[in-house]
Amino acid sequence: MAEYYSNEPDNGNRKGDEGTMPLILGILSIVLSLTFSRLVGLILGIIAIVKGGQHRHEDNDARIGFICGIIGVSLSSVFLLAVSSLLFSLFTFWLI
C-alpha cells in the first residue's frame, strides 16, 4: 500500500506520461479523418507522428499513438486526394 499512497513529492519524473498526448491525437486523427474534418485530422495526425516518434521506443502509448497518427494521416490524405480529384474533374467538365 505504501507505493500507491506515498507521501514523497512527485518531481515529474513519472515514466510513461509522454505517450498519452500522441495516443489521444492519433485516435482523434483517425476519427476526424473519417468525418468531414479531414484537414484537422491530417494536422492532428502529423502532430501525433512527431510527438509519438520522439518516445515510441520507451512508451507503448507513444508507439500506438505513432501508428494511429500514420493511419490518420493516410486516411486523411486519401480522402482529401479523392475529393480534390472529384472536384477537379467536375470543374474541368463544366469548362468544356
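Structure report, in brief. (Residues numbered from 1 in each chain as written. Predicted model: local features only at pLDDT ≥ 70, side-chain atom pairs only at ≥ 80, totals over all residues. Heavy atoms only, no water.)

**Considerations on helix H2 (residues 38–55)**
Helical geometry note: an α-helix holds 3.6 residues per turn, so side chains three or four residues apart project in the same direction. Applicable threshold: A run of DSSP states H or I qualifies as a helix once it reaches four residues; a run of E qualifies as a strand once it reaches two. Both are numbered from the N-terminal end. What a helix is expected to span follows from its residue count: subtract one and scale by 1.5 Å. Buried, partly exposed and exposed residues are distinguished by accessible area as a fraction of the type maximum, computed with a 1.4 Å probe on protein chains only: under 20%, between the cut-offs, and over 50%, respectively. Should any heavy atoms of two residues lie within 4.5 Å, those residues are counted as being in contact.
The end-to-end C-alpha distance of H2 is 26 Å, a good match for the 26 Å that 18 residues give at a rise of 1.5 Å each. Those residues of H2 that sit buried are Arg38, Gly41, Leu42, Leu44, Gly45, Ala48 and Gly52. Close packing links the buried residues of H2 with helix H1 (20–33) and helix H3 (60–95).

**Some points on the packing of H2 against H3**
Packed helices, taken two at a time, are described by the angle between their axes plus the distance between the axes. Selection criterion: Lines fitted to the C-alpha atoms define the axes, with helices restricted to the stretch that makes contact. Angles between their N-to-C directions range from 0 to 180 degrees. With respect to orientation, any angle under 35 degrees is reported as roughly parallel, any angle over 145 as roughly antiparallel, any angle of 65 to 115 as roughly perpendicular, and every other angle as oblique. Handedness of each helix crossing follows the sense of rotation of the near helix against the far helix: counterclockwise by less than a right angle gives left-handed, clockwise gives right-handed. Three categories are distinguished: nonpolar for Ala, Val, Leu, Ile, Met, Phe, Trp, Tyr, Cys and Pro, charged for Asp, Glu, Lys and Arg, and polar for the others, with Gly belonging to the last.
At a minimum axis distance of 7 Å, the contact between H2 and H3 shows a crossing angle of 150°. Classified by the interaxial angle, the pair formed by H2 and H3 is roughly antiparallel. Judged by the sense of rotation from one axis to the other, the crossing of H2 with H3 is left-handed. Residue-level inspection shows Arg38, Leu39, Gly41, Leu42, Gly45, Ile46, Ala48, Ile49, Gly52, Gly53 and His55 of H2 in contact with H3, the latter providing Ala62, Gly65, Phe66, Gly69, Ile70, Val73, Ser76, Ser77, Phe79 and Leu80. Per-class residue counts for the contact of H2 with H3 are 11 nonpolar, nine polar and one charged.

**Some details on the packing of aromatic side chains**
Quick note on the threshold: Planes of paired rings set the category: under 30 degrees apart is stacked, over 60 is edge-to-face and the rest tilted, where pairs are Phe, Tyr or Trp rings (Trp by its six-membered ring) whose centres lie within 6.5 Å. Placement of a positive charge over a ring is assigned whenever Lys NZ or Arg CZ falls within 6 Å of the ring centre and within 35 degrees of the normal to the ring plane.
Under the definition given, this model contains zero aromatic pairs. Geometry around Phe79 places Arg38 over its ring, the cationic atom sitting 4.7 Å from the centre. Cation over ring: Arg56 sits above Phe66, and NZ or CZ is 4.6 Å from the ring centre.

**Here's the deal with H3**
Under the convention used in this document: For this analysis, a polar contact is any N or O atom pair within 3.5 Å, provided that within protein one partner can donate a hydrogen and the other can accept it, and provided that sequence-adjacent residues contribute only side-chain to side-chain pairs.
Here H3 spans 52 Å end to end across 36 residues, near enough to the 52 Å set by a 1.5 Å rise per residue. Buried within H3 we find Ala62, Gly65, Phe66, Cys68, Gly69, Gly72, Val73 and Ser76. Next to the buried residues of H3 lie H1 and H2. Of the residues that open H3, the one with a side-chain oxygen 3.4 Å from the backbone nitrogen of Asp61 is Asp59.

**Quick word on a nonpolar patch on the surface**
Here is the rule: Residues qualify for a patch when their relative accessible area is over 30% and they have no salt bridge, like charges being joined within 9 Å and the nonpolar side chains of Val, Leu, Ile, Met, Phe, Trp and Tyr within 5 Å. To be clear on the numbers: accessible area is Shrake-Rupley with a 1.4 Å probe, and residue cover counts the displayed protein chains and nothing else. Basic side-chain nitrogens of Lys or Arg form a salt bridge, by our definition, when they fall within 4 Å of a carboxyl oxygen of Asp or Glu.
Taken together, the side chains of Val83, Leu86, Leu87, Leu90, Phe91, Phe93 and Trp94 present a nonpolar region at the surface, about 780 Å² in accessible area. By the element assignment, Trp94 lies in helix H3. The exposed category is assigned to Trp94, whose relative accessible area is 63%.

**Structural notes on the side chain of Ser29**
Following the sequence through the fold, Ser29 ends up in helix H1. Looking at Ser29, its side chain comes within polar contact range of the main-chain oxygen of Gly26, at 2.7 Å. When neighbours within four sequence positions are excluded, Ser29 is seen to be in contact with Gly41, Leu44, Gly45, Cys68, Gly69, Gly72 and Ser76.

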